[in-house]
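Take a look at the letters that make up each chain.
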Amino acid sequence: MAVGFEDYGPDCDSMRITAFLDIPGQDNLTPLARLEKYAFSDNVFNRQIIARGLLDVFRDFSNSEEDFLTVMEIVVRLSEDAEPTVRTELMEQIPPIAIFLQESRPKFPTAFFEYLMPIVVRYLTDVNNQVRKAGQEALLILLEQDLVAQSDIENKVCPILLDLSAPDSDDEYKVEAVNIICKMASMLSRTTVEHMLLPRFCELCSDGKLFQVRKICAANFGDICNAVGQEATERLLIPKFFELCSDSVWGMRKACAECFMAVSYTTSPEVRRSKLSPLFISLISDTCRWVRQAAFQSLGPFISTFANPSSAGLYIREDGTLSIRPSAQDMNSNPCQPSNNITVMASGANAVLSSPEQPMEIKPESSTEEISVDLHTNLSEDINKNPQEESSDCCASPGEDVSRLCQGDKTAAGGTEATKESSFPRLGSGLPSAEDVFNTFLYWRPPLPDISQDLELLQFKAEKHSSVPCNNCVASSEIKKVLESLQEHIDDPDVQAQVQVLSAALRAAQFDSVGDCETKKMEESSDNLQNKMILDETAVSDATCNQVQGDSLSSPASQDDISDQSSTSVLKSTDLEEQHRGTSVFLRKEQENNPPFEDDKSKLQDIIPQPLLDQYLSMTDPARAQTVDTEIAKHCAYSLPGVALTLGRQNWHCLKDTYETLASDVQWKVRRTLAFSIHELAVILGDQLTAADLVPIFNGFLKDLDEVRIGVLKHLYDFLKLLHADKRREYLYQLQEFVVTDNSRNWRFRYELAEQLILILELYNPNDVYDYLRHIALTLCSDKVSEVRWISFKLVVAILQKFYANSASALGLNFINELVVRFRHCSKWVGRQAFAFICQAVVEEECMPVDQFVEHLLPSLLSLASDPVPNVRVLLAKALRQTLLEKAYFKSVGNPHLEAAEETILALQSDRDQDVSFFATIKLKQDNMDNITIAKQN
């Protein structure tokens, strides 16, 4: 009677299959023959165990080519097993087997492609649901590990997926195929995805039979856009995205809102502004609450896709953190010092402004929208310096070597913008005008604001009100009728949301005259800029304009104006503006036609479409918490640094009130979110705005709940280093407040304080460290939790290093005497043990001169050899054997202190405690082992 795996019970799962195969049995079969016997046994359990242990089988039988091929044949036959559980077990082992074969066999490609890959492809169409899912997971793992050849992907995998996702395919197969297509898109090459999978994905986005298919497409839309790139996204995917955003099923619209940032990141700035922004506004005012909730959660991330960190004087490091870049004025602080020229390069329809001194690299597809504002400041005043003067004038400004850009017709986009751009230097002109010649007074003098356009606006306001097109009147009357009809259902939250949107549209119609006035000024200013630097750009096609009209929320009057005006703009050169390439007049008029109230003009900007900013600022409205999401304020706080980075410090006034509202929110989670990001916001705003607007809020967080204070504490060093020295010194006394917590058991709070203090030491001089931080460190050294004490000992060592590194030896000596009194002569053994650890760390870090150490610390350290507590002597033995005696100073012959240390080591080696003697002699034993090894080699 043959013995099977079932005779071993449940313990068989934990044993190696090959170990069982090597057990001598009654059948007298070889292990390989026994493997084949049980692989095709009538008992299902035997076949499952064989399939589950195939990796061990390959490890033991892959050395012989003949045995390896035999095992492969067994795997192929086992893959055809009629039992689904066996096939599932087998498929789960394919990825680890493939990884093992790749690492151990030089002929891996042949074996994998001939035997294993056909099994994976075949299982994608298996009749059993569990087997198909196992095959899909295995395929994704193989693609992620780059184990599948490109030819197999194009000739085997993709055709199967295209067949399964065909219109006439089974519903269950189609849903699974769409899911796997979306997941594998990010793992394939762009060419493969665009040519083979993208057409089918576009078809599936319009699948009218199954909403599950459309929902999967909507949920993964951002990944597909990222996989195919900008050109294919704008040409093929954006129209499908518009269809999904207007789908009748609210789940589709919600999925689109959730992936909106990923889609926006892949598009160009003009598409982002002219198409996606109106589309997002329609989602944020959707009739379904869940769609609005998802849209508001994605609003901040979507706004952040407009960001250009260089405009705020920042750049993003490789680890993703923000860092301060030297401003253009700092680069030119010495007028007579030659600077690197700024070159403007034109490449197709894109232009990039680059400088060797800028550590940030701008992607080629980024538009002139992403030009540094700091560099614009220099360009606007220095770029027209005659190149011939450079040889005779050492004060030549950077930027003489600037080439003319040509990107299509662009004119001024507003009265204020036209005025500011009218002073932009003419890059193509040979001789500069008188006001353009470099002048030190004009260079350092802040420019006076130009209010001429504001005066003209006031003068023409009455005239324009009388000449507003009748379309505005019709739009206003129609909107008023709709608002009156909704008054009966005003208690419904969804109706309230619609009322808010219609009210904004009503205000837009009323303020349309302002937009007309600014449009006229825009046209006038364009005539004055004919000979200046104009970026040509082809106007948006009629079809694009019609699509934008159909999906936007603009008034009829603004839509009628589109056909009569060209889509034009000019390169902006002020610190309040960034270039928006390809922006249509439609979006500009939408911003002008949807302004805030008259008393809220300070919220106006042109970095992002104004309706987006208005919706973001409304997230702090208490009504939003009732009609949208109870945690909407938290989402607003979470994305605020990204929005601030997008707008730049020059537009901080737009967010200041919102930030202060969030900082005083009744929910501690909202304040906690701000506390964790206040240091990043300080980097974005700079030292002046930080001192004026963030420091008071920071001070409030210091007195808040522990859940909020921990956010400030974790980045305390990052925030303090951004402040001026005098402002930073004010926090020395307040640091003591962190020692006290609401809950004494919250020891991690004190641990974090000790870690931050180690970093903060570099921000203060030795006297301040001695007067303020020394007391905090000694308090933490007496903490009840050992983890806090051990990190505090490192803080003590860092303080001592601070004193001697800054030649404050007197303070260092006083601190050493205090350590000896507090720890060496402590009545508790933990204090004396801490003294041994501190001395060991001092020697390891070499934070003080050796002669000072042997004079002031070594005698007290060696005296611990007679301590009654073994734990103290153990740490002493470690300090002497592992650290002190390994230093070159103590290895020198004739050292007077070496003898005392060796005598202490000998005494510890004969200590009555085994642990003490062990650590005192372990180094000697290691040396002896090394000597024995050397002797054997000789």
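Parameters at a glance
Residues numbered from 1 in each chain as written. Predicted model: local features only at pLDDT ≥ 70, side-chain atom pairs only at ≥ 80, totals over all residues. Heavy atoms only, no water. Helix = DSSP H or I, 4+ residues; strand = E, 2+ residues; numbered from the N terminus. Buried < 20%, exposed > 50% of the residue type's maximum accessible area, 1.4 Å probe, protein only. Contact = heavy atoms within 4.5 Å. Areas by Shrake-Rupley, 256 points an atom, 1.4 Å probe, with all protein chains shown as cover. Axes fitted to C-alpha atoms, helices over the stretch in contact; angles between N-to-C directions. Nonpolar A, V, L, I, M, F, W, Y, C, P; charged D, E, K, R; others polar. Salt bridge = Lys/Arg side-chain N within 4 Å of Asp/Glu carboxyl O. Disulfide = S-S within 2.5 Å. Lys, Arg positive; Asp, Glu negative; His and termini not counted. pLDDT = per-residue confidence, 0-100. Arc of directions from axis to C-beta. Core = buried A, V, L, I, M, F, W, Y, C linked by side-chain atoms within 4.5 Å. Phe/Tyr/Trp six-rings, centres within 6.5 Å; stacked < 30°, edge-to-face > 60°. Lys NZ or Arg CZ within 6 Å of the ring centre and 35° of its normal. Parallel < 35°, antiparallel > 145°, perpendicular 65-115°, else oblique. Left-handed = near helix turned anticlockwise from the far one by under 90°.

Asker: Looking at this structure, how should I read the overall build of the protein?
Answerer: In terms of regular secondary structure, the protein is built from 48 helices and four strands. Across the 938 residues that make up the protein, the buried fraction comes to 52%. Here the contacts in the protein between residues at least 6 apart in sequence split such that 71% fall between residues at least 24 apart. Accessible surface for the protein amounts to roughly 42700 Å². Of this, 51% is attributable to carbon and sulfur atoms.

Asker: When you look at the packing of helix 17 (residues 269-284) against helix 18 (residues 289-304) in this model, what are you seeing that I'm missing?
Answerer: A packed helix pair is summarised by two numbers, namely the angle formed by the two axes and the spacing between the axes. Following both chains from N to C, one finds helix 17 and helix 18 inclined at 145 degrees, their axes separated by 8 Å at the closest point. Contact with helix 17, carried on its side by Arg-272, Leu-276, Ser-277, Phe-280, Leu-283 and Ile-284, involves Val-291, Arg-292, Ala-295, Phe-296, Ser-298, Leu-299 and Phe-302 of helix 18 and no other residues of that element. Residues of the contact of helix 17 with helix 18, tallied by class, amount to nine nonpolar, two polar and two charged.

Asker: Help me out: how do you make sense of the pattern of salt bridges in this one?
Answerer: When charged atoms on two side chains of opposite charge get close, those side chains can pair. Scanning the entire structure with this criterion turns up 27 salt bridges. When the shortest N-O distance is used, the salt bridge between Arg-77 and Glu-36 registers 3.5 Å. Of this pair, Arg-77 sits in helix 5 (residues 65-78) while Glu-36 sits in helix 2 (residues 31-39), placing them 41 residues apart in sequence. Judged by its relative accessible area of 46%, Arg-77 falls in the partly exposed class. The shortest N-O distance in the salt bridge between Glu-752 and Lys-714 comes to 3.4 Å. Here the residue Glu-752 occupies a position in helix 38 (residues 747-760), and Lys-714 occupies one in helix 35 (residues 706-714), the gap between them amounting to 38 residues. Assessed through its relative accessible area of 36%, Lys-714 is described here as partly exposed. Residues joined by salt bridges that share partners form a network here, namely Arg-132, Glu-172 and Glu-176.

Asker: Hey, could you run me through unusual backbone geometry in this one?
Answerer: Backbone phi values are negative for most residues with the exception of glycine, while trans is the configuration of most peptide bonds. The phi dihedral of Asp-146 falls on the positive side, at around 60 degrees, and the residue is not glycine. Examined against the element boundaries, Asp-146 turns out to sit in the loop between helix 8 (129-144) and helix 9 (150-164). Here Ser-807, not a glycine, exhibits a phi torsion of approximately 60 degrees, which is positive. Among the structural elements, Ser-807 can be located in the loop between helix 40 (786-805) and helix 41 (809-824).

Asker: For this particular structure, what's the right way to read the state of the cysteines?
Answerer: Each disulfide consists of a covalent bond between the sulfur atoms of two cysteine residues. Scanning the entire structure with this criterion turns up zero disulfides. The cysteine Cys-245 is free of any disulfide, with Cys-256 supplying the nearest cysteine sulfur at 3.9 Å. Looking at Cys-245, the relative accessible area reads 6%, which means it is buried.

Asker: Looking at this structure, how should I read the side chain of Arg-789?
Answerer: Within the secondary structure, Arg-789 sits in helix 40. For the buried residue Arg-789, which engages in no salt bridge, the nearest side chain bearing the opposite charge is Asp-783, 6.0 Å off. In this structure, Arg-789 is in contact with Leu-780, Cys-781, Ser-782, Asp-783 and Lys-784, ignoring residues within four places of it in sequence.

Asker: So what exactly am I meant to see when it comes to the confidence of the model for the protein here?
Answerer: One rule of thumb: low pLDDT means the predicted coordinates there are not for detailed reading. Scored by pLDDT, the protein comes out at a mean of 74, with 64% of its residues at no less than 70. Contacts from residues 327-439, a stretch scored under 50 in pLDDT, to residues over four places away or in other chains number 237 contacts. Counted against residues more than four places away or in other chains, residues 513-599, with its pLDDT under 50, gives 243 contacts.

Asker: Before we go on, may I ask you to explain helix 47 (residues 896-909) in this structure?
Answerer: In an α-helix, one full turn covers 3.6 residues, which means residues spaced three or four apart are oriented alike. Burial in helix 47 covers these residues: Leu-898, Ala-901, Thr-904, Ile-905 and Leu-908. For helix 47, the angular spread of the buried residues around the axis is 130 degrees, confining them to a single face. Counted as exposed and oriented over 90 degrees from the buried face of helix 47: Pro-896, Glu-899 and Leu-906.

Asker: Explanation requested: the nonpolar core in the structure shown.
Answerer: A general feature of soluble globular proteins is that nonpolar side chains tend to end up buried together. Ranked by size, the top nonpolar core spans 223 residues in total, and within it Phe-221, Phe-241, Tyr-616, Phe-853 and Leu-861 carry the most contacts. Of the residues forming this core, the biggest block, 15 residues, is contributed by helix 34 (residues 668-702). When sequence neighbours within four positions are dropped, the list of residues in contact with Tyr-616 reads Leu-299, Gly-300, Ile-303, Cys-636, Ser-639, Leu-640, Val-643 and Leu-655.

Asker: Mind showing me how you'd approach the environment of Leu-716 here?
Answerer: Position of Leu-716 relative to the elements: it lies in helix 36 (residues 716-720). Relative accessible area serves as the criterion here: at 2%, Leu-716 is assigned to the buried category. A sequence separation of 41 residues divides Leu-716 from Leu-757, and the C-alpha atoms of the two residues are 8.8 Å apart. Beyond its immediate sequence surroundings of up to four residues, Leu-716 is in contact with Phe-698, Leu-735, Phe-738, Gln-756 and Ile-760.

Asker: What is the right way to look at the packing of aromatic side chains in this model?
Answerer: To describe a pair of aromatic rings, you give the distance between the ring centres and the angle between the ring planes. Inspection of every chain in the model, using the stated rule, returns 21 aromatic pairs. Relative to Phe-793, the ring of Trp-790 lies with its centre 5.4 Å away and its plane at 85 degrees, an arrangement referred to as edge-to-face. In this pair, Trp-790 and Phe-793 are both assigned in helix 40, three residues apart and thus about one turn of the helix distant. Three or more aromatic residues joined by ring pairs make a cluster, and in this case those are Phe-201, Phe-221, Phe-241, Phe-260, Phe-280, Phe-302 and Phe-306. When the ring centre of Phe-306 is taken as origin, the NZ or CZ atom of Arg-272, which lies over that ring, is 5.7 Å away.

Asker: How do you make sense of the packing of helix 8 against helix 10 (residues 171-184) when you look at a structure like this?
Answerer: Contact geometry for helix 8 and helix 10: axes closest at 11 Å, N-to-C directions at 15 degrees. The pairing of helix 8 with helix 10 is recorded here as roughly parallel in orientation. Here helix 8 and helix 10 pass one another in a crossing that is right-handed. Of helix 10, the residues touching helix 8 (which contributes Asn-129, Arg-132, Lys-133, Gln-136, Leu-140 and Leu-143) are Glu-172, Tyr-173, Glu-176, Ile-180, Lys-183 and Met-184. Of the residues belonging to the contact of helix 8 with helix 10, the class tally is five nonpolar, two polar and five charged.

Asker: Got a minute to help me understand the environment of Val-71 in this structure?
Answerer: Within the element layout of this structure, Val-71 appears in helix 5. Sequence separation of Val-71 and Glu-36 is 35 residues, and the distance between their C-alpha atoms is 8.3 Å. Residue contacts for Val-71: discarding those within four places in its chain leaves Leu-32, Leu-35, Val-57, Phe-58 and Phe-61.

Asker: Any chance you could explain the environment of Gln-840 here in plain terms?
Answerer: Tracing the backbone shows Gln-840 in helix 42 (residues 829-845). What makes Gln-840 buried here is its relative accessible area of 10%. Ignoring any residue separated from it by four or fewer positions in sequence, one finds Gln-840 in contact with Lys-878, Ala-879, Gln-882 and Thr-883.

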